[in-house]
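# Tertiary structure, described
In case you want the letters, here they are:
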Amino acid sequence: MEIFKYMETYDYEQLLFCQDQASGLKAIICIHDTTLGPALGGTRMWTYASEEAAIEDALRLGRGMTYKNAAAGLNLGGGKTVIIGDPRKDKNEAMFRAFGRFIQGLNGRYITAEDVGTTVADMDIIHEETDYVTGISPSFGSSGNPSPVTAFGVYRGMKAAAKEAFGTDSLEGKVVAVQGVGNVAYNLCKHLHAEGAQLIVTDINKESVQRAVEEFGAKAVDPQDIYSVACDIYAPCALGASVNDETIPQLKARVIAGAANNQLKEARHGDIIHEMGIVYAPDYVINAGGVINVADELYGYNRERALKKVEAIYDNIAKVIEISKRDGVPTYVAADRLAEERIGQMKNSRSTFLQNGHHILSRR
Ligand SMILES: NC(=O)C1=CN([C@@H]2O[C@H](COP(=O)(O)OP(=O)(O)OC[C@H]3O[C@@H](n4cnc5c(N)ncnc54)[C@H](O)[C@@H]3O)[C@@H](O)[C@H]2O)C=CC1
Ligand SMILES: CC(C)CC(=O)C(=O)O
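Residues numbered from 1 in each chain as written. Chains lettered and ligands numbered in written order. Predicted model: local features only at pLDDT ≥ 70, side-chain atom pairs only at ≥ 80, totals over all residues. Heavy atoms only, no water.

As recorded in an unreviewed UniProt entry, the protein goes by Leucine dehydrogenase and comes from Ectobacillus ponti. Per UniProt, the protein has the following entry under Sequence similarities (unreviewed entry): "Belongs to the Glu/Leu/Phe/Val dehydrogenases family." (UniProt positions renumbered as here; feature names shortened; annotations may be inferred.)

Take a look at the structure:
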């Protein structure tokens, strides 16, 4: 990968490699765009097949956060971190302390939170070194684990997409195929089960599947079979790129609505599903509940206020569908237009000179 070429193509600001030998920390922080404010995005810990795969993930996820935060109406830019390692084996206190010091060194340009492989406990350790971390324990006045709130937002967005596809936003009796029943999807399943949806689930972790079977009466299938099951809604809630050339021909669903980031392997897959008449709820619009929740900490966390904003993901998905129909474009393009319009307007207003920080004559 030609990194600078890639950064230039998608207008990235900064990519940082952080290494701490004693703790084994290998982290890549990507700051994509800070037009709207400091870059906020979680930290993913994963066993990447190669360093290149980790860099690509950081870059894609960081850019996704710029669009997510802009489309959600947050005054935040986009960034993300990936830590290379196995979250079940390689974590230690010193690793997250070292990482916290690197974040502190950015002086507020980047604020972190949880993502796949990291927990509230990890954020609490980072907090020992920096204030630029959200989703820490509620005892600090923070919002805690973002996953249940992300799930609530996905549930709301799924209803809006269902309204478009089925003429009603009731999910009662709808069959939902859920890929990955981790932190977010477990909570999503709770909402869906309560509304009377039928669940088909899969996960590479057998215990997670068993929990969904026992608690929600879900039907379990093998990971490779989740794409082809007879269902109304496909909810990708594991990792990215599950909508691709191999899986699209297998899909029976009329709606794709789930929590995973970067669901489309490539943009053209969004065009294909659009042509097939599938209603796709763009990933970064529907899964913004977590970031909306942690961002509320910047104003003094108020859960009621945060949940009200997350509830409105229903309206945001409806708006994206409306733009898609008005402009005759797939929903992923409509979502990009929504985000880019806001960033573009702010970029322009920021071109006005303002003397921030030191006085221009302070060198005297
Ligand atoms: N946690 C949050 O608040 C937010 C999460 N997301 C995204 O939602 C997705 C899920 O996040 P979490 O629930 O927090 O992560 P998680 O790690 O708790 O859950 C992911 C689940 O997917 C399973 N999985 C991985 N590969 C799989 C495969 N090939 N087939 C089936 N299952 C597989 C894992 O075993 C795990 O149970 C991720 O893409 C994450 O980036 C997006 C916004 C916020
Ligand atoms: C988990 C969130 C709080 C932020 C984030 O990284 C995301 O929305 O993907």
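### A closer look at the overall build of the protein
Counting secondary structure elements, the protein contains 13 helices and 12 strands. Here the protein has a C-alpha radius of gyration of 20 Å; the compact-globule value for 364 residues is 21 Å, and the two agree. C-alpha extents for the protein along the principal axes are approximately 70 × 45 × 45 Å. Taken over 364 residues, the protein has a buried fraction of 54%. Accessible surface, the protein as shown: approximately 16700 Å² in total, 49% of it carbon and sulfur. In the protein, which carries 38 positive and 47 negative side-chain charges, the distance between the mean positions of the two groups comes to 4 Å. (Helix = DSSP H or I, 4+ residues; strand = E, 2+ residues; numbered from the N terminus. Rg over C-alpha atoms; globule rule 2.2 N^0.38 Å. Buried < 20%, exposed > 50% of the residue type's maximum accessible area, 1.4 Å probe, protein only. Areas by Shrake-Rupley, 256 points an atom, 1.4 Å probe, with all protein chains shown as cover. Lys, Arg positive; Asp, Glu negative; His and termini not counted. Charge placed at Lys NZ, Arg CZ, Asp CG, Glu CD.)

### Quick word on the layout of surface pockets
Empty space among the atoms can be located by rolling a probe the size of a water molecule over them. Here the second largest pocket defines a volume of roughly 980 Å³. Lining of the second largest pocket is provided by 33 residues; of these, Arg60, Asn262, Gln263, Leu264 and Lys265 occupy positions nearest its centre. Secondary structure elements with two or more residues in the lining of the second largest pocket: strand E4 (43–46), helix H2 (51–71), helix H9 (283–286) and helix H13 (331–349). No other element matches the 10 residues that H2 contributes to the lining of the second largest pocket. When the residues that make up the lining of the second largest pocket are grouped by side-chain class, the tally is 18 nonpolar, 5 polar and 10 charged. (1 Å grid on protein atoms, 1.4 Å probe; cavity = no way out; pocket = protein on both sides within 12 Å on 5 of 7 lines; lining within 4 Å. Points joined across faces, edges and corners; volume = space filled by probe spheres on them. Nonpolar A, V, L, I, M, F, W, Y, C, P; charged D, E, K, R; others polar.)

### Let's talk about the environment of aspartate 11
Checked against the element boundaries, aspartate 11 lands in the loop between helix H1 (3–9) and strand E1 (14–20). Accessibility expressed as a relative area gives 48% for aspartate 11, which makes it partly exposed. Once you skip the residues sitting within four places of it in the chain, aspartate 11 turns out to touch His32 and Lys347. (Contact = heavy atoms within 4.5 Å.)

### Some remarks on the UniProt feature "active site" (unreviewed entry) in the protein
UniProt annotation of "active site" (unreviewed entry) refers to Lys80 when read in the numbering used here. If you trace the backbone, lysine 80 turns up in strand E5 (residues 77–84). For lysine 80, a relative accessible area of 2% translates into the label buried. If near-sequence neighbours (up to four positions away) are discounted, lysine 80 is found in contact with Ile28, Ile29, Cys30, Gly41, Gly42, Ala58, Leu61, Gly62, Met65, Tyr110, Asp115 and Asn261.

### Description of the site of ligand 2
Lining the immediate environment of ligand 2, one finds Gly41, Gly42, Met65, Lys68, Lys80, Ala113, Glu114, Asn261, Gly290, Val291 and Val294. In this structure, lysine 68 approaches ligand 2 through a side-chain N or O atom, which is 2.6 Å from an oxygen atom. Contact distances for ligand 2 include 2.7 Å between an oxygen atom and a side-chain N or O atom of lysine 80. Protein coverage of the free-state accessible area of ligand 2, which is 290 Å², stands at 93%. When residues of the shell around ligand 2 are traced back to their parent elements, those giving at least two are H2 and helix H10 (289–295). (Near = heavy atom within 4 Å. Polar contact = N/O pair within 3.5 Å; in protein donor to acceptor, adjacent residues only side chain to side chain.)

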